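Single-letter residue listing:
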Amino acid sequence: MSISPGKGLLSIGEVASRTGLAVSAIRYYDDEGLVSARRTPGGRRMFIRSDIRRLSFILIAQRMGFSLEEIRAQLKQLPLERTPTKRDWEKISRGFRARLDARIGMLERLRDRLDGCIGCGCLSLEACKLYNPDDRARETGTGPRLVVQKSVIG
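Residues numbered from 1 in each chain as written. Predicted model: local features only at pLDDT ≥ 70, side-chain atom pairs only at ≥ 80, totals over all residues. Heavy atoms only, no water.

*Asks:* How should I be thinking about the overall build of the chain in this particular structure?
*Replies:* Scanning the chain from N- to C-terminus turns up 6 helices and 3 strands. Secondary structure elements of the chain occur, N-terminal to C-terminal, as β-α-α-β-β-α-α-α-α. Within the chain, buried positions represent 36% of all 154 residues. Counted over contacts in the chain with a minimum sequence separation of 6, partners at least 24 positions apart contribute 52%. Summing over all exposed atoms, the chain offers an accessible surface of approximately 9900 Å²; the carbon and sulfur share of this is 53%. (Helix = DSSP H or I, 4+ residues; strand = E, 2+ residues; numbered from the N terminus. Buried < 20%, exposed > 50% of the residue type's maximum accessible area, 1.4 Å probe, protein only. Contact = heavy atoms within 4.5 Å. Areas by Shrake-Rupley, 256 points an atom, 1.4 Å probe, with all protein chains shown as cover.)

Here it is as structure tokens:
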């Protein structure tokens, strides 16, 4: 969409300054369809103010370990033609909540088990919280089952 400069739009440099993202990252997100820049007749990318929130959301979600595909799926729920409302953002929040809760749970289990093992100083495999007698966790799958699942062995 070609537009004339002004009209309350922000240049890519202004958006970079406000979000802390590199101009190249903003161009990439625009090329990927995660934001939608308007173009001046000279081809300059211009952004609406709500794109600052979209870009900030992308930055935060990536830092939380979400892939661009997961982020894209959530952002598709937001309108491009208007500034998203609080209700729009709450919808996205619900979409990420279950995955965030699962990650928080896994991090807490890791922290608690490592604290128990490192902190106790017992150096006894029979008392260690990470010990897996008779390899019972193997029955539930591969990988670090004692950390990634809530309860693997009793």
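*Asks:* Sorry if this is basic, but what is going on with the packing of aromatic side chains here?
*Replies:* The full count for this structure, using the stated rule, is 4 aromatic pairs. Ring geometry for Phe-57 versus Trp-89: centroids 5.7 Å apart, planes at 55°, classification tilted. In this pair, Phe-57 sits in helix α3 (residues 50-63) while Trp-89 sits in helix α5 (residues 86-120), placing the two residues 32 residues apart along the sequence. Using a relative accessible area of 14% as the deciding quantity, one classes Phe-57 as buried. Judged by centre distance (5.6 Å) and plane angle (20°), the rings of Phe-57 and Phe-96 are stacked. (Phe/Tyr/Trp six-rings, centres within 6.5 Å; stacked < 30°, edge-to-face > 60°.)

*Asks:* Which parts of the structure should I look at to understand the packing of helix α1 (residues 12-19) against helix α2 (residues 23-31)?
*Replies:* Angle between the axes and distance between the axes: these two values describe a pair of packed helices. In contact at an axis separation of 9 Å, α1 and α2 are set at 110° when each is read in the N-to-C sense. Taken together, α1 and α2 sit at an angle that is classed as roughly perpendicular. Two secondary-structure elements touch here, α1 through Ile-12, Val-15, Ala-16 and Thr-19 and α2 through Val-23, Ile-26 and Arg-27. Counted by class, the contact of α1 with α2 contains 5 nonpolar, 1 polar and 1 charged residues. (Axes fitted to C-alpha atoms, helices over the stretch in contact; angles between N-to-C directions. Parallel < 35°, antiparallel > 145°, perpendicular 65-115°, else oblique. Nonpolar A, V, L, I, M, F, W, Y, C, P; charged D, E, K, R; others polar.)

*Asks:* Would you mind showing me how to read the pattern of salt bridges here?
*Replies:* Charged atoms that come close allow side chains of opposite charge to pair. With the rule as written, the count across this model stands at 7 salt bridges. The salt bridge partner of Arg-45 is Asp-31, with a shortest N-O separation of 3.2 Å. Of this pair, Arg-45 sits in strand β3 (residues 45-47) while Asp-31 sits in helix α2, placing them 14 residues apart in sequence. Arg-45 gets classed as buried once you look at its relative accessible area, which sits at 14%. Residues Asp-51 and Arg-38 are paired through a salt bridge, measuring 4.0 Å at the closest nitrogen-oxygen approach. With Asp-51 in helix α3 and Arg-38 in strand β2 (residues 38-39), this residue pair connects regions lying 13 residues apart in the sequence. (Salt bridge = Lys/Arg side-chain N within 4 Å of Asp/Glu carboxyl O.)

*Asks:* Help me out: how do you make sense of the side chain of Asp-88 in this one?
*Replies:* By the secondary structure assignment, Asp-88 is in helix α5. Within the structure, the side chain of Asp-88 is placed 2.8 Å from the backbone nitrogen of Thr-85, a separation counted as a polar contact. Not counting chain neighbours up to four residues away, the residues in contact with Asp-88 comprise Leu-78, Pro-79 and Arg-82. (Polar contact = N/O pair within 3.5 Å; in protein donor to acceptor, adjacent residues only side chain to side chain.)

*Asks:* When you look at α3 in this model, what are you seeing that I'm missing?
*Replies:* For an α-helix, 3.6 residues make a turn, and residues three or four places apart therefore share a direction. The end-to-end C-alpha distance of α3, which contains 14 residues, comes to 20 Å, matching closely the 20 Å that a straight helix rising 1.5 Å per residue would cover. All of the buried residues along α3 are Ser-50, Asp-51, Ile-52, Arg-54, Leu-55, Phe-57, Ile-58, Leu-59 and Ala-61. Remark: Gly-65 follows α3 within two positions and exhibits a positive phi of approximately 95°. (Expected span 1.5 Å × (residues − 1).)

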